[in-house]
Amino acid sequence: ESLTPAQMVIKIVNEELTALMGGEAARLATANRPPCIVMMCGLQGSGKTTHSGKLGLMLKKQGHRPLLVACDVYRPAAITQLQVVGSKAGVPVFEMGTQDPVKTARAAVSHAKDHGNDFVLLDTAGRLHIDEELMDELRRVKAAVEPTDILLVVDAMTGQDAVNVAKSFDELLDISGVILTKLDGDTRGGAALSVRAVTGRPIKFAGVGEKLEDIEAFHPDRMASRILGMGDVLSLIEDVESKLDQKKAEQMAQKLSSNRFDLNDLLDQFQQVKQMGPLKSVLSKLPGMEKKLQNVDVDDRQMDRTCAIILSMTPAERKKPELINPSRKRRIAAGSGMKVEDVNRLLKQFEQMQKMMKQFGGKGKKRRGGFPGMGMGGMGGGFPF
């Protein structure tokens with residue numbers, strides 16, 4: 001009875017969207033006898049090789065011992081690309097040159113059993129379009145190693161085409177799940193709705209950025225919230241927990257509460273926030289921010305410019321900004337490639353921030369106003385966060 005009609009409609013739509021996308025998060029299948037074999041397939045350019053590495057890194061962080069296997073013997077430098085991705089992720093890569101991918105897949109599974117790898121990720125070949133030759137090869141690989149999972153990698157930016165591709169692959173290969181890439185873009189997840197509805201196969205993972213860490217388990221309820229512009233705070237919390245230093249966060253909280261926050265700490269905060277990916281993507285997970293960010297240009301380079309100014313200061317200047325006189329400002333501006341006005345603006349914003357911290361730290365005082373100097377305009381209208 002406490003809900004308004006509008007809230008009730010949103011609640012119903014949210015529940016239906018969640019159900020339409022599968023209701024619950026789907027996991028990778030487990031094998032009775034290790035290793036679990038995951039066959040990655042999809043069209044050329046969908047991101048199979050990169051997402052094989054992302055999935056390998058995710059599994060490694062979960063305590064598994066994955067093995068990447070180069071089964072794409074047609075695309076130039078495909079094997080080299082997988083080796084580079086594997087090296088960055090710290091995951092071993094198995095390859096046997098450009099011989100028959102079926103033989104490579106069989107040998108890789110045997111190698112994994114001998115070396116204790118509990119997951120084998122097969123990076124298979126793709127084509128610009130679905131053809132009989134490609135499908136015949138994929139079917140032979142499937143018959144040879146009997147994968148526990150066949151994951152189709154599709155680009156969410158392609159919209160309805162992603163659905164057509166998923167339907168075709170499912171009919172020919174009987175896929176077990178989907179990885180949707182580029183869900184950090186402006187697609188809002190329309191493909192996520194259709195892929196599940198048309199194929200009946202769960203979306204198991206979502207690619208949400210360019211870095212190897214930018215992959216997450218797909219949660220239908222969270223995607224429904226994103227589509228409705230309600231944010232995705234749970235994913236944001238998980239992102240923060242996995243990428244930010246907990247000890248540093250606790251130390252920072254103590255400094256803030258006792259008003260001992262200096263420019264060194266501000267620099268550290270910027271560097272930690274940058275680890276979480278594009279700022280617009282981070283902010284869009286907050287409730288109500290999606291619409292507000294639509295016409296706002298969030299320039300991540302503003303954060304880099306602010307960091308450059310702070311890095312051009314001496315340790316003493318960072319600790320005591322009041323030491324910075326006009327001649328020092330000129331030196332800092334020249335060292336960072338910025339203008340003296342930019343240095344002045346940063347120092348003014350930092351001074352406002354310290355005043356705000358005093359308001360937070362003061363016992364029994366009411367917090368007044370908002371966050372001075374912390375707008376979305378970067379150097380032009382506040383800190384870039």
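Summary of the structure given here.

Criteria and cut-off values
- Residues numbered from 1 in each chain as written.
- Predicted model: local features only at pLDDT ≥ 70, side-chain atom pairs only at ≥ 80, totals over all residues.
- Heavy atoms only, no water.
- Axes fitted to C-alpha atoms, helices over the stretch in contact; angles between N-to-C directions.
- Helix = DSSP H or I, 4+ residues; strand = E, 2+ residues; numbered from the N terminus.
- Parallel < 35°, antiparallel > 145°, perpendicular 65-115°, else oblique.
- Left-handed = near helix turned anticlockwise from the far one by under 90°.
- Contact = heavy atoms within 4.5 Å.
- Nonpolar A, V, L, I, M, F, W, Y, C, P; charged D, E, K, R; others polar.
- Buried < 20%, exposed > 50% of the residue type's maximum accessible area, 1.4 Å probe, protein only.
- Pairing = 2+ DSSP bridges.
- Salt bridge = Lys/Arg side-chain N within 4 Å of Asp/Glu carboxyl O.
- Expected span 1.5 Å × (residues − 1).

## Observations concerning the packing of helix H5 (residues 132-145) against helix H6 (residues 160-173)
At step 1: The geometry of H5 relative to H6 is characterised by a closest axis approach of 10 Å and an angle of 50° between their N-to-C directions. If you check the angle between H5 and H6, you find them oblique. As for the relative orientation of H5 and H6, their crossing is right-handed in sense. The segment H5 lies against H6, with Leu134, Met135, Leu138, Arg139 and Lys142 engaging Phe169, Leu172 and Leu173.
At step 2: Class assignment for the residues of the contact of H5 with H6 results in six nonpolar, no polar and two charged.

## Details of the pairing of strand E4 (residues 119-124)
At step 1: A large share of E4 lies buried, amounting to six of its six residues.
At step 2: Side chains Phe119, Leu121 and Asp123 of E4 all project onto a buried face; the interleaved residues Val120, Leu122 and Thr124 project onto the opposite face, where all are buried too.
At step 3: Alignment of strand E2 (residues 66-71) against E4, held across six bridges, turns out to be parallel. Bridging across to E4, Val69 finds its partner in Leu122.

## Details of the pattern of salt bridges
At step 1: Within the structure shown, the criterion is met by 14 salt bridges.
At step 2: Across the pair Asp131 and Arg127 runs a salt bridge, and its minimum N-O distance is 3.6 Å.
At step 3: The salt bridge partner of Arg127 is Glu133, with a shortest N-O separation of 3.9 Å.
At step 4: Here the residues in one salt-bridge network are Asp100, Asp136 and Arg140, joined through shared partners.

## Comments concerning H5
At step 1: Across its 14 residues, H5 extends 20 Å between first and last C-alpha, which sits within 8% of the 20 Å expected from 1.5 Å per residue.
At step 2: Where H5 is buried, its residues touch strand E1 (36-41), E2, helix H4 (101-115), E4 and H6.
At step 3: One or two residues past the end of H5 sits Glu146, with phi positive at roughly 50°.

## Topic: the packing of H4 against H5
At step 1: Relative orientation of the contacting elements H4 and H5 amounts to 25°, with a least axis distance of 9 Å. Classified by the interaxial angle, the pair formed by H4 and H5 is roughly parallel. Crossing of H4 against H5: the hand is right-handed. For the pair H4 and H5, the contacting residues are Pro101, Val102, Ala105, Arg106 and Val109 in the first and Glu137, Arg140, Val141, Ala144 and Val145 in the second.
At step 2: Here the contact of H4 with H5 is built from residues that sort into seven nonpolar, no polar and three charged.

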